[in-house]
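Analysis of the macromolecular model
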Amino acid sequence: MVDISNVGTFQLGNFSVKRMGYGAMQLAGPGVFGPPADRARCVRVLREAIEAGVDHIDTCDYYGPHVVNEIIREALHPYPDNLVLVTKVGARRGADGAWNPAQSPAELVAAVHDNLRNLGIDQIHAVNLRLMGGAGHGPSEGSLEARFTALAELQQQGLIRELGISNVTSAQIAEAQKIAPLACVQNHYNLVHRADDAMIDDLAGQGIAYVPFFPLGGFQTIQTEALSAIAARIGTTPLQTAQAWLLARSPNILLIPGTSSPAHLQENLAAAGLVLSAETLAELDAIAGAVGS
């Protein structure tokens, strides 16, 4: 089994977590909707992640909905003392599996309580306000004051330890920081989608974690002939290479690759041990310029 104890750590608010974590989205059924085909395998994946040293799990109660948090509770409750559970709020699932906005303060508060109940905890370590954004799943400008204030009030009540925001612009980060301290930002970022380069560097300077979603492509593939050639030369897979590049990109980047496969979990975690040379990093940087972001 892969051991990620040497991957290094970064602060997620007041919590110190390893830079390689686990994203639980794929524990639900197809389209992140309904139950998985093999619940026992999902339980096994979670337990193997913890055994390997993972201490940061990213989840959400609208994965399923409710299904993923219930599986996490089945697999890991009572939770290890060092495990940091991070969720997000701001959407709900339609009966047809649609992703619908649930952005009113009342809906956000209800969503936090759903997460607490289904995870079986009295306080959640961190909650991200997930803005629904604009076209192409990217962020769009607009005030988050009322929404983020609702979560800050739950933090003051002791239901949330740390606050974050997701799918946001730099202006929204600044607005949120006027309301409450930020522990993390979750945005779309990977080897070829690099619109947040300056944001990552700014957050690193402030000691704020940056957690990329779609780190391996999502709706935009990162698979290129150049990436495959580099990976083959250094004796690893293209996706492991892309994850190692993210870890090398900035010390505040925390990875949360997800899978429902034990074998794939080990492959993802092994990326934490890859050390890329300066030459290889330069070649990987050039891929972004060739593909465009």
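As a reminder, the structure under discussion sits directly above these lines.
Summary of the structure given here. (Residues numbered from 1 in each chain as written. Predicted model: local features only at pLDDT ≥ 70, side-chain atom pairs only at ≥ 80, totals over all residues. Heavy atoms only, no water.)

**With respect to the overall build of the chain**
- For the chain, the helix and strand inventory stands at 10 helices and 11 strands.
- In terms of overall size, the chain behaves like a compact globule, its C-alpha atoms giving a radius of gyration of 18 Å where 293 residues would be expected to give roughly 19 Å.
- Taking the principal axes of its C-alpha atoms as reference, the chain extends roughly 50 × 45 × 40 Å.
- The buried share of the chain, taken over its 293 residues, is 55%.
- The long-range fraction of contacts in the chain, counting pairs at least 24 apart against all pairs at least 6 apart in sequence, stands at 74%. (Helix = DSSP H or I, 4+ residues; strand = E, 2+ residues; numbered from the N terminus. Rg over C-alpha atoms; globule rule 2.2 N^0.38 Å. Buried < 20%, exposed > 50% of the residue type's maximum accessible area, 1.4 Å probe, protein only. Contact = heavy atoms within 4.5 Å.)

**Remarks on the packing of helix α1 (residues 39–51) against helix α2 (residues 67–76)**
- Viewed as axis vectors pointing N to C, α1 and α2 meet at an angle of 60°, and their least axial separation amounts to 9 Å. Taken together, α1 and α2 sit at an angle that is classed as oblique. Considering only the axes of α1 and α2, their crossing is right-handed. Of α2, the residues touching α1 (which contributes R39, C42, V43, L46, R47 and I50) are E70, I71, I72, E74, A75 and L76.
- For the contact of α1 with α2, a count of residues per class yields eight nonpolar, no polar and four charged. (Axes fitted to C-alpha atoms, helices over the stretch in contact; angles between N-to-C directions. Parallel < 35°, antiparallel > 145°, perpendicular 65-115°, else oblique. Left-handed = near helix turned anticlockwise from the far one by under 90°. Nonpolar A, V, L, I, M, F, W, Y, C, P; charged D, E, K, R; others polar.)

**Observations concerning the pairing of strand β8 (residues 124–130)**
- Of all seven residues that make up β8, seven are buried, and the element is covered over most of its length.
- Sheet topology note: the strand β5 (residues 84–89)/β8 ladder contains four bridges and is parallel. Across the sheet, T87 pairs through a bridge with V127, a residue of β8. (Pairing = 2+ DSSP bridges.)

**Overview of the sheet that holds strand β9 (residues 160–166)**
- Reading across the sheet, the seven strands line up as β3-β4-β5-β8-β9-β10-β11 and stay open at both edges, with parallel pairing between neighbours. Two strands bound the open sheet, and with one partner strand each, they are β3 (22–23) and β11 (209–213).

**Focus on helix α7 (residues 225–234)**
- Those residues of α7 that sit buried are L227, I230 and A231. Looking straight down α7, one finds that the buried residues subtend no more than 95° of arc, so they occupy a single side. α7 presents E225 and A232 as exposed residues on the side facing more than 90 degrees away from its buried surface.
- Looking one or two residues past α7, G235 carries a phi angle of roughly 80°, positive in sign. (Arc of directions from axis to C-beta.)

**Notes on the packing of α1 against helix α9 (residues 262–270)**
- The N-to-C vectors of α1 and α9 enclose an angle of 25°; their axes lie 9 Å apart at closest approach. Taken together, the axes of α1 and α9 are roughly parallel relative to one another. For the pair α1 and α9, the sense of crossing is right-handed. Taken together, the residues of α9 that come into contact with α1 (itself represented by R41, R44, V45, E48 and A49) are P262, L265 and Q266.
- When the residues that make up the contact of α1 with α9 are grouped by side-chain class, the tally is four nonpolar, one polar and three charged.

**Notes on the packing of aromatic side chains**
- Counted under the stated rule, the structure contains five aromatic pairs.
- When the centroid spacing of 5.8 Å and the interplanar angle of 90° are considered together, the rings of Y62 and Y63 count as edge-to-face.
- Judged by its relative accessible area of 7%, Y63 is buried.
- Ring centres of F213 and F214 lie 5.2 Å apart, and the angle between their planes is 85°; on these two criteria the pair is classed as edge-to-face.
- Owing to a relative accessible area of 11%, F213 belongs among the buried residues under this scheme.
- Among the aromatic side chains, those forming a connected cluster through ring pairs are Y62, Y63 and W99.
- Over the ring of W99 we find R93; its NZ or CZ atom is 3.6 Å from the centre of that ring. (Phe/Tyr/Trp six-rings, centres within 6.5 Å; stacked < 30°, edge-to-face > 60°. Lys NZ or Arg CZ within 6 Å of the ring centre and 35° of its normal.)

**Here we look at α1**
- An ideal rise of 1.5 Å per residue puts 18 Å on 13 residues; α1 measures up with 19 Å between its terminal C-alpha atoms.
- Taken together, the buried positions of α1 are C42, V43, V45, L46, E48 and A49.
- Those residues of α1 that are buried are in contact with β3, β4 (56–58), α2 and α9.
- With a side-chain oxygen positioned 3.3 Å from the backbone nitrogen of A40, the residue opening α1 is D38.
- Positioned one or two residues after α1, G53 has a phi angle of 110°, which is positive. (Expected span 1.5 Å × (residues − 1). Polar contact = N/O pair within 3.5 Å; in protein donor to acceptor, adjacent residues only side chain to side chain.)

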